[in-house]
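Letter by letter, the chains look like this.
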Amino acid sequence: MTCSKHYPTGLRRRLPNLPVLGMALAGSLLLTGCFDGDGSSSSSEPELNTQLFPADGKFTADIRRTTNGIPHVKADNLASAAFGAGYAQTQDNVCLLAEAIVKARSERAKYFGEGPGNRHVINDFSYKAQKILSGAEEEYPNLSDETRAMIEGFTAGYNKYVSETDPGDLPAECRDQPWVKEITPVDLFAHYRIVGQYASGALFATGAVFLAVPAGESTAATVVMDQANATSENQVENFTRMVADARRGASSQTDYQDIGLGSNAWGIGGDLTEQGRGALLANPHFPYTGHRRLYQVQMTVPGYLNTNGAGLLGTAIPLINFNENLAWSHTVTTSRRFTLYELTLKNGDNFTYIKDGEEKPITSETYQIEVNNGSPTPTILEKTFYFSEYGPMLAADVVTSGGLPAWGTDGTAFTYRDANASTRRLLDTWLQMSRATNLEEFQEVFQNCGSTLWTNTTYTDDQGNAYYIDSSSVPELSDAALAVVDFKRAASEPYNQLFNAGLTLLDGSKSRDDWVEGECNGLVPFEKRPKLLRTDWVQNSNDSYWATNPNAFLTGYSPLFGSEETALNPRTRIGITMLNNPSDSGFADTAPAGQDGKFGAIDLINVIYNNRAWYSEQFLPELQERCAAIGTDPVNGTDGDPRSVDAACDVLQAWNGVYDVDSVGAHVYRVFIANYRGEGDFGGDLVVQFDPENPVETPSTPSTNNEGMANDAMLVALADGLEALDQVNIAYDEALGDVQYYQPSGGVPPGGTPVTQLQSFPWHGGDGAIDGAFNAVRVAASPVAEDTVFPRIAPTTIDDTAGLSDQEGEGWLMAYGTSYHFGLEFTDEGPVAFGLISYSQSSDSRSPYFNDQAQRFSEKNYRQFWFTEADIEANLINNGTISISN
């Protein structure tokens, strides 16, 4: 085998094609590959770090799979460990990984055509303007050796699997597809730039960047070559449609802080644990489909790294992890990862703006993309995009549905700066977190400007610490700039509405509003971040840092981190209730911390599985009383038609108040609460308003107006909800598991007609926002797997039902929510954790790891997360083991 030379950091490199090497071990897989290093050094080349790269230039890794196919990768160096992780992940999810690279390279239109609503054309161009691939090419030579080791190793593992697998043997979603091919490290790094901008630039890639041109100029792309659709009439029609599609895409986003992801995380300190050490509840709520699936792996480099956790597909190191001494989880923050700038244009010149009295140019770059038109020759489209010093220009009038003017119509234009435009330190941050051995070393990661992009971090350790930090990428503004923001919010309701929608609008004519380019290159440094250290508990369920622990409110931080003294979401309220009352079972069968009031790992996994919900505990007794009062008398529905509710009330009187698969009546309560809560304000029916001194218990208390009568607001909401159940012929006395389920679907390449994949499973849990369930699961109505172009079977739903299908008897098809999750405690013998990945490890329906954990989740049959060498060896499995030889 010949391996290419290892060049010093700073020079451009490319991986060679990898030969097929390796040998199978009992329950494990030995992999070898090749990277661009030969271990040699000279006076002009730094000495090779053999903790990072193999001395002989060959990647070698042991992959051992334990219960449910979890790979445990062991190697002598970091690059080889990433190599093994990349190989295992590609075995299980090759189609999703391949399509993610197509996206990062702006090649969806090339392979899949223009897409529904010109989506692929708009996205491909927008990602070029956001410099997803070109930025990766520019930054790659300057990556740390550690990041390069992980990227190059993972890339080699991916390439090894792709190169040795016959295209006809790939899963149906990508079988014999030309876009499944070997990739470069830059390609993988470009994917990380997509991941980094999920909560920022990606929100503008649906049309806002595409449409950004001065008034009077065409927003459409132009045709460079199109032999299949050459008539001018067809092209004009296509361009008109393209612009309309982009406007729809750009205006579809109304809340720029809501990226559709949620989570629960608890850090339990030694005061409240059985062992007197730390414990952790990790409960990410992520999509069950697409690139945001979480994948579990243990990576071990003896003497250097030993971490077990799960990361988003394609990440070369897991992200929600534990090691021998500490553990952490992440939750999406309320912080802001970008700022908008209003530019003041020079009179008569839409391409020059004035800043501090000086002229600044708006520059342009022209890009081309290929579009598959069904003929042998693709259509070539070309479009020019525009940039300020801050970043791409935006069609702000479309972003705000007319709240801001179009470029040039009143002497202004709009642009934005993205705090996650660079992901150069992404892998470094998680590697350093994974190598930390105590709280001080963990904090040093963020003291050195590490960032977790768009998440908080909740931490615990074997010393009994419970720690929270907003570790996301937040722009640092000067005190003067923040004062102006506060003034504008108070003085201008339209400005305040923009701010509350997640759009921080700054003045681009004054350098006062530029980010403070301090030690962290424009991001808020460690000492100014919200953080809290406790020995009892810290928590986050996607609310502001403010109420991390109401015994110690966090105040006085930049408003770009989120709001203070604002109402909490129901998951936070039920979570804090359980933490404050660890021996009170509420409506569940067991108390959160058991009879002793002290948390252990099994207690914490069962906190997720107890399926308590805030709104049932808050309102069910009141609704039951009103049901008893109305009896068989009719209730006036919102549509004015009276109807009886007594049959449903009888079911609710017997409901146990939780969202287990055998709970009878949970779905009836769901359609009630979906109507009663409305848009979250309960139609003004609650009489006790939010009190920042008592944020968990308020707002509360339904009005007594018309109590127990035909126009009782609670009973009217129940009547309205029952109409939806009647519409699709769902009985009131069904068990939740009979009407709420997980059914994988897809099984076809892009453009195909999706099919159901294997069996469905009864699914416990409830909608986090509507039911107020801690174990949050919900319906996903997208016709494609999240972030991808793979078709899936998606329901059409009835309004105000939390996603009830409008097809008779279908119920609720869950495809989002509790995903990778676990409870962990530190003991005298080390970490002990129990949990699952609800949808399983693999997206290949032929794999034994496709739905094995889905069945376990349905049955609440959690598994232990094997960590020690002895436990791994004792729990090896042979299913799915393959033999590789050169």
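As a reminder, the structure under discussion sits directly above these lines.
Heads up: these notes are all about the structure in this document. In this text the structure is predicted, and so the values were computed from the model without any measurement. (Residues numbered from 1 in each chain as written. Predicted model: local features only at pLDDT ≥ 70, side-chain atom pairs only at ≥ 80, totals over all residues. Heavy atoms only, no water.)

## Comments concerning the overall build of the protein
Part 1 of the argument: Counting its regular elements, the protein contains 21 helices and 36 strands.
Part 2 of the argument: Taking 886 residues into account, the globule formula puts the C-alpha radius of gyration at 29 Å, and the protein, at 27 Å, falls close to it.
Part 3 of the argument: Dimensions of the protein, computed from C-alpha atoms along their principal axes, come out at roughly 85 × 75 × 55 Å.
Part 4 of the argument: Here the protein holds 886 residues, and 62% of them are scored as buried.
Part 5 of the argument: By element, 45% of the accessible surface of the protein is carried by carbon and sulfur atoms, the whole surface being about 30600 Å². (Helix = DSSP H or I, 4+ residues; strand = E, 2+ residues; numbered from the N terminus. Rg over C-alpha atoms; globule rule 2.2 N^0.38 Å. Buried < 20%, exposed > 50% of the residue type's maximum accessible area, 1.4 Å probe, protein only. Areas by Shrake-Rupley, 256 points an atom, 1.4 Å probe, with all protein chains shown as cover.)

## Focus: the sheet that holds strand β5 (residues 222-225)
Strand pairing within a sheet occurs via backbone hydrogen bonds; the two strands may be parallel or antiparallel.
Part 1 of the argument: Pairing is antiparallel in the open sheet, where three strands are placed in the order β5-β16-β15. Because the sheet does not close on itself, it has two edges, and the strands there are β5 and β15 (363-371). Averaged over all adjacent pairs, the angle separating strand axes in this sheet is 35°, with direction ignored.
Part 2 of the argument: Note: β5 against strand β16 (residues 379-387), three bridges, orientation antiparallel. Counted as the bridge partner of Thr222 is Glu382 from β16.
Part 3 of the argument: Across the sheet, helix α3 (residues 119-129) lies against β15 and β16, angled at about 140° from β15, the strand it touches most. (Pairing = 2+ DSSP bridges. Axes fitted to C-alpha atoms, helices over the stretch in contact; angles between N-to-C directions. Contact = heavy atoms within 4.5 Å.)

## Some remarks on the state of the cysteines
Part 1 of the argument: Under the definition given, this model contains three disulfides.
Part 2 of the argument: Bridging Cys449 to Cys520, the disulfide has an S-S length of 2.0 Å. Measuring handedness by torsion sign, the sulfur bridge of Cys449 and Cys520 sits at about -80° and is left-handed. Pair noted here: Cys449 is in the loop between α10 (439-447) and β19 (455-461) and Cys520 is in the loop between β21 (505-507) and β22 (531-534), with a separation of 71 residues, a long-range link. (Disulfide = S-S within 2.5 Å.)

## Things to note about the packing of helix α15 (residues 614-630) against helix α16 (residues 646-654)
The geometry of a pair of packed helices is captured by two quantities: the angle between their axes and the separation between those axes.
Part 1 of the argument: It is at 10 Å that the axes of α15 and α16 come closest, and there the two elements cross at 140°. By the angle class used here, α15 and α16 are oblique. Seen along the crossing, α15 lies across α16 with a hand that is left-handed. Residues Leu620, Leu623, Gln624, Cys627 and Ala628 of α15 form the contact with α16, whose participating residues are Cys649, Leu652 and Gln653.
Part 2 of the argument: Each residue belonging to the contact of α15 with α16 can be placed in one class, and the counts come to six nonpolar, two polar and no charged. (Parallel < 35°, antiparallel > 145°, perpendicular 65-115°, else oblique. Left-handed = near helix turned anticlockwise from the far one by under 90°. Nonpolar A, V, L, I, M, F, W, Y, C, P; charged D, E, K, R; others polar.)

## Structural notes on the environment of Leu836
Part 1 of the argument: Tracing the backbone through its elements, the reader meets Leu836 in strand β35 (residues 830-837).
Part 2 of the argument: Each C-alpha atom of the pair Leu836 and Thr818 lies 9.6 Å from the other, and the pair is 18 residues apart in sequence.
Part 3 of the argument: Those residues in contact with Leu836 that sit more than four places away from it in its chain are Tyr609, Ser819, Tyr820, His821, Gln853, Arg856, Phe857, Asn861, Tyr862, Arg863 and Phe865.

## Side note on the pattern of salt bridges
Part 1 of the argument: For the structure shown, the criterion picks out 33 salt bridges.
Part 2 of the argument: A salt bridge links Arg148 to Glu152, with the shortest nitrogen-to-oxygen separation between them at 3.4 Å. Of this pair, Arg148 and Glu152 both sit in helix α5 (residues 145-164), four residues apart, which is roughly one turn of the helix.
Part 3 of the argument: For Arg148, a relative accessible area of 0% translates into the label buried. (Salt bridge = Lys/Arg side-chain N within 4 Å of Asp/Glu carboxyl O.)

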